[in-house]
Amino acid sequence: AQQQPTADQVVRGKNPKLVVLSPRPVVLESTLELLGSERITSKANLFVRNNIDLPGLNTTEPNVQPGWEVEFSGLIDKPFKVTVEELSRLPQTEVTTVLQCSGNGRSFFNPRPSGNPWTYGGVGQVTWRGVLLKTLLEAKGVNLDPKARFITMNASTQGGAAPYEKSFPISVMEYSSAMLALGMNGEPLPAVHGGPVRLVAAGTFGTANVKWIAKVEFTASESSGNEQVPRYRVPVLPGVNIPILPTQPGSRYNYTLENSRSNWMANINSFILSPLPGASVRGRRVDIRGVAWNDGLAPIETIEVSLNGGTTWRKALIERDNGKYGWYHWVSPQLLAPGEYEAMVRATDAVGRTQPLNGNVWWNERGYEWNGIMRVKFTVT
Ligand code: MSS
């Protein structure tokens, strides 16, 4: 049998503890242990999801490309190009966001959908620095045509890479302070995470955050490309207020732009990061800790822990230290006698959005947007 390469062999600078889901295109999963070990996810520990690798960029070093251009076109009065140097001279904004693959948690769906078998590690929290699209359009004196409803983004195809094209509603972009990011965690943007320039839209799933951005087009409709449909979509009934249309587990769905929606805004979710699954911890005082997050459109108000299978829930203490698009760290202090336990966590936001007890209610053919309540078994000694 062939030996699987380790994460640091696949991407220079990555922690070898990341799990290689695919060496090519690169897909690396982080772990609960690594996510719980730092407040901001370092570039070494951040997951990687490439649909398409750009040759030579599998490193956490910066991607220095003088003269890199991003082209703006479509439904605007003055099409223009902007270079990375020009972007770095415009006013910069920092925002901390949760970056999560919409396929995170896929392997918990039953039956298991095809695609990368993510467990919990397709997520991290990072601080971006860059130029807001709003700031850029103002600086350029550019106005949108009222018919423009979507931003259609294209990654560079340098080195003969296949195109990666995604569309997002302009309203989402405006609301989520979309930016052209040049930096991450106080450093130049690592090559593998999209350097020199990446489009970042806080509160959206990873798929919207196009790396190595080369072209931004304002369009009247969504791209009809493969990455927009059938990929990265969940079933919905147009005009019906349900986040994901439940479909028969195991069934097929004929995705169209009308009967499905793109993985736009991240849904509400929460993880237990300590104790780790299967851990043995000293009693009686045990602090159960973790993170929760949503799309930032409404604050998270309650995070609750249950130790009896969801019969009763106790409110955890919430820290609000990373802004509305970041992780809400939480702690639930417990007094526990020696024995076996299973902890569950659920978050609820100000508009009542919460997580299903059985995440499989959202079963969808491609396994997106899992946010079922997490359960962690541990032992108190
Ligand atoms: N971009 C590009 N250019 N390409 C690709 O492939 N992918 C996506 C994003 N962007 C891509 C892009 C996805 S899908 C995700 S998640 C993200 O990215 C990730 O990130 P990182 O940095 O971590 O790698 Mo799922 O929803």
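None of the values given here were measured: they were computed from a predicted structure.

Q: Explanation requested: the overall build of the chain in the structure shown.
A: In terms of regular secondary structure, the chain is built from five helices and 24 strands. Here the C-alpha atoms of the chain give a radius of gyration of 21 Å, agreeing with the 21 Å that 2.2 N^0.38 yields for 381 residues. Overall, the C-alpha framework of the chain stretches about 65 × 45 × 45 Å when taken along its three principal axes. Buried positions account for 56% of the 381 residues belonging to the chain. For the chain, long-range pairs separated by at least 24 residues make up 71% of all intrachain contacts whose partners lie at least 6 apart in sequence. Working note: accessible area of the chain is about 16000 Å², and carbon and sulfur atoms make up 51% of it. The centroid of the 38 positive side-chain charges in the chain is displaced by 4 Å from the centroid of its 32 negative side-chain charges.

Q: Teacher, can you tell me more about the site of the ligand here?
A: Looking at the ligand, there are 20 residues lining it, with Phe47, Asn51, Cys101, His193 and Lys211 nearest. For the ligand, an oxygen atom lies 2.9 Å from a polar atom in the backbone of Arg49. Thr207 is positioned such that a nitrogen or oxygen atom in its backbone is 3.1 Å from an oxygen atom of the ligand. For the shell around the ligand, the residue count by class is 10 nonpolar, seven polar and three charged.

Q: Just checking my understanding: could you explain the sheet that holds strand β9 (residues 165-169) for this structure?
A: Within a sheet, adjacent strands bond to each other through the backbone by hydrogen bonds, running parallel or antiparallel. Pairing within the open sheet is mixed, and its five strands lie in the order β5-β4-β13-β8-β9. Because the sheet does not close on itself, it has two edges, and the strands there are β5 (80-83) and β9. Along the sheet, successive strands turn relative to each other by an average axial angle of 20°, direction set aside. In this sheet, β9 lies alongside strand β8 (residues 150-155) in antiparallel orientation, the contact comprising five bridges. Counted as the bridge partner of Thr152 is Ser167 from β9.

Q: Even after reading the chapter, I still don't get unusual backbone geometry, so can you show me in this structure?
A: With the exception of glycine, the majority of residues adopt a negative phi angle, and the majority of peptide bonds are in the trans configuration. Cis geometry marks the peptide bond from Val229 to Pro230; its omega dihedral reads 10°. Along the chain, the position of Pro230 falls in the loop between β13 (213-219) and β14 (233-235). Between Gly283 and Arg284 the backbone carries a cis peptide bond, its omega angle lying at -10°. Of note, Asn185 is a non-glycine position whose phi angle comes to about 55°, a positive value. With respect to the helices and strands, the residue Asn185 is situated in the loop between β10 (179-184) and β11 (187-188). Given the relative accessible area of 25%, Asn185 is considered partly exposed. Not every positive phi belongs to a glycine, and Tyr232 is a case in point at roughly 55°. Residue placement: Tyr232 occurs in the loop between β13 and β14.

Q: For this particular structure, what's the right way to read a nonpolar patch on the surface?
A: Judged by side-chain polarity, Leu237, Val240 and Ile242 come together as a nonpolar surface patch covering roughly 220 Å² of accessible area. Inspection of the secondary structure puts Leu237 in the loop between β14 and β15 (260-262).

Q: Mind showing me how you'd approach helix α4 (residues 133-140) here?
A: What sets the pattern is the α-helix's 3.6 residues per turn: residues three or four places apart point alike. Restricting attention to buried positions, one finds in α4 the residues Leu133, Leu136 and Leu137. Buried residues along α4 cover an arc of 95° about the axis, so they all sit on one side. Exposed positions of α4 whose direction lies more than 90 degrees from the buried face are Lys134, Glu138 and Ala139. Remark: Gly141 follows α4 within two positions and exhibits a positive phi of approximately 60°.

Q: Is there a simple way to explain the sheet that holds strand β17 (residues 280-281) in this structure?
A: Spatially, the five strands line up as an open sheet ordered β17-β24-β23-β19-β20, and their pairing is mixed. Among the strands making up the open sheet, the edge pair consists of β17 and β20 (314-315). Inspection of the sheet shows β17 paired to strand β24 (residues 374-380) by two bridges, in the parallel sense. Residue pairing across strands places Val281 opposite Val380, the latter belonging to β24.

Q: How do you make sense of the nonpolar core when you look at a structure like this?
A: Most often, soluble globular proteins keep nonpolar side chains buried together rather than apart. Among the nonpolar cores identified, the biggest contains 50 residues, and Phe72, Leu87, Leu136, Leu180, Val197, Ile213 and Phe218 are the most heavily contacted of them. Of all the elements, β8 adds the most residues to this core, at four residues. Two domains each provide a minimum of three residues to this core, namely domain 1 (69-262) and domain 2 (269-380). Apart from the residues within four sequence positions on either side, Ile213 is in contact with Trp68, Glu69, Val70, Met153, Asn154, Ala155, Leu180, Val197, Arg198 and Leu199. Counting residues in each nonpolar core, the second largest holds 31 residues, with Ile300, Ile303, Ala343 and Val345 among its members.

Q: Is there a simple way to think about the packing of aromatic side chains in this case?
A: Two aromatic rings are characterised by how far apart their centres lie and by the angle between their planes. By the definition in use, this model includes 13 aromatic pairs. Each ring, one from Phe108 and one from Tyr120, has its centre 4.6 Å from the other, and the planes form 40°; the classification is tilted. Taken as a pair, Phe108 in the loop between β6 (93-100) and β7 (123-132) and Tyr120 in the loop between β6 and β7 lie far apart in primary sequence, 12 residues in all. In this structure, Arg346 is placed above the aromatic ring of Trp313, and the distance from its NZ or CZ to the ring centre is 4.1 Å.

Calculation rules
- Residues numbered from 1 in each chain as written.
- Predicted model: local features only at pLDDT ≥ 70, side-chain atom pairs only at ≥ 80, totals over all residues.
- Heavy atoms only, no water.
- Helix = DSSP H or I, 4+ residues; strand = E, 2+ residues; numbered from the N terminus.
- Rg over C-alpha atoms; globule rule 2.2 N^0.38 Å.
- Buried < 20%, exposed > 50% of the residue type's maximum accessible area, 1.4 Å probe, protein only.
- Contact = heavy atoms within 4.5 Å.
- Areas by Shrake-Rupley, 256 points an atom, 1.4 Å probe, with all protein chains shown as cover.
- Lys, Arg positive; Asp, Glu negative; His and termini not counted.
- Charge placed at Lys NZ, Arg CZ, Asp CG, Glu CD.
- Near = heavy atom within 4 Å.
- Polar contact = N/O pair within 3.5 Å; in protein donor to acceptor, adjacent residues only side chain to side chain.
- Nonpolar A, V, L, I, M, F, W, Y, C, P; charged D, E, K, R; others polar.
- Pairing = 2+ DSSP bridges.
- Axes fitted to C-alpha atoms, helices over the stretch in contact; angles between N-to-C directions.
- Patch = residues over 30% accessible without salt bridge, like charges linked within 9 Å, V, L, I, M, F, W, Y side chains within 5 Å.
- Salt bridge = Lys/Arg side-chain N within 4 Å of Asp/Glu carboxyl O.
- Arc of directions from axis to C-beta.
- Core = buried A, V, L, I, M, F, W, Y, C linked by side-chain atoms within 4.5 Å.
- Domains from an automatic or database assignment.
- Phe/Tyr/Trp six-rings, centres within 6.5 Å; stacked < 30°, edge-to-face > 60°.
- Lys NZ or Arg CZ within 6 Å of the ring centre and 35° of its normal.

From the geometry alone we can't say anything about function, so treat these as descriptive.
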